[in-house]
Amino acid sequence: QKEVEQNSGPLSVPEGAIASLNCTYSDRGSQSFFWYRQYSGKSPELIMSIYSNGDKEDGRFTAQLNKASQYVSLLIRDSQPSDSATYLCAVGPGANRLAFGKGNQVVVIP
Amino acid sequence: DTAVSQTPKYLVTQMGNDKSIKCEQNLGHDTMYWYKQDSKKFLKIMFSYNNKELIINETVPNRFSPKSPDKAHLNLHINSLELGDSAVYFCASSQEWSETDTQYFGPGTRLTVL
């Protein structure tokens, strides 16, 4: 069974700090990696996708992928209260066959 | 204009009843999905349709039956509802059956089975 693990508990960060989220996956054949943000009571929305090893930056967000170690991470720089949400890691052979992690809650403290 | 819409937003019903959830997308996408998010926020794929054809059917009880009357609609019918069916059900769509296309999620339907 393909698993996506997001094990760390709720993450509290001061406003302006860096939030770091980690995700590991079991299927070595995975090729597509995504981070979704989900506000409480709302639907998931895509914030980052990454397909190759290394870093990918988009604004204040940086996704990091290491296929050899089977992990993908998300950094949120200059965290804002509006970043307070649950972040879902999704992994698959493609965007059309995703397995999601259970999510990490981020709370940005003003 | 809502890109992916679902009705109803909330659904409260008794065990044993049959209910349906409707999904419509106005994005012109070919592919649609149903996901279930349980109380622990775990989001899991249930079904995927491409051009009205079933592509993915995960291990879901056959009490759940999707139906796609056209590319813009993917409905979910649930027979003999059980307590464990209580969850938020999300519909999503993507441009095509592709390994890179972004999925756009609907607002969700919160189903509560009493």
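Above: the structure in question.
Report follows, based on the coordinates.

Analysis parameters
- Residues numbered from 1 in each chain as written.
- Chains lettered and ligands numbered in written order.
- Predicted model: local features only at pLDDT ≥ 70, side-chain atom pairs only at ≥ 80, totals over all residues.
- Heavy atoms only, no water.
- Contact = heavy atoms within 4.5 Å.
- Buried area = accessible area lost by both parts, 1.4 Å probe.
- Salt bridge = Lys/Arg side-chain N within 4 Å of Asp/Glu carboxyl O.
- Polar contact = N/O pair within 3.5 Å; in protein donor to acceptor, adjacent residues only side chain to side chain.
- Nonpolar A, V, L, I, M, F, W, Y, C, P; charged D, E, K, R; others polar.
- Helix = DSSP H or I, 4+ residues; strand = E, 2+ residues; numbered from the N terminus.
- Core = buried A, V, L, I, M, F, W, Y, C linked by side-chain atoms within 4.5 Å.
- Buried < 20%, exposed > 50% of the residue type's maximum accessible area, 1.4 Å probe, protein only.

### Topic: the interface of chain B and chain A
Thinking step 1. Opposite the 22 residues of chain B that make contact, chain A presents 18 residues.
Thinking step 2. For the pair chain B and chain A, the summed buried surface comes to about 1,600 Å²; carbon and sulfur atoms form 52% of the total.
Thinking step 3. Applying the counting criterion to the chain B and chain A interface returns zero salt bridges.
Thinking step 4. Connecting chain B to chain A are three residue pairs in polar contact (both at pLDDT 80 or more).
Thinking step 5. Considered class by class, the residues forming the side of chain B that touches chain A number eleven nonpolar, seven polar and four charged.

### Here's the deal with the environment of Met15(B)
Residue and element names in this part refer to chain B.
Thinking step 1. Among the structural elements, Met-15 can be located in the loop between strand S2 (10-13) and strand S3 (19-25).
Thinking step 2. Along the chain, Met-15 and Leu-81 lie 66 residues apart, while their C-alpha atoms are 5.1 Å from each other.
Thinking step 3. Excluding its chain neighbours within four sequence positions, the residues that come into contact with Met-15 are Leu-81, Leu-83, Val-113 and Leu-114.

### Some points on the nonpolar core
Thinking step 1. Counting 23 residues, the largest nonpolar core has Trp35(A), Val72(A), Leu74(A) and Tyr87(A) as its most contacted members.
Thinking step 2. Elements with a minimum of two residues in this core: strand S3 (19-25), strand S4 (32-38), strand S5 (45-50), strand S7 (61-66), strand S8 (71-76), strand S9 (85-92) and strand S11 (104-109) of chain A.
Thinking step 3. By size, the runner-up hydrophobic cluster in this structure holds 20 residues, among which are Met32(B), Phe47(B), Tyr49(B) and Cys91(B).

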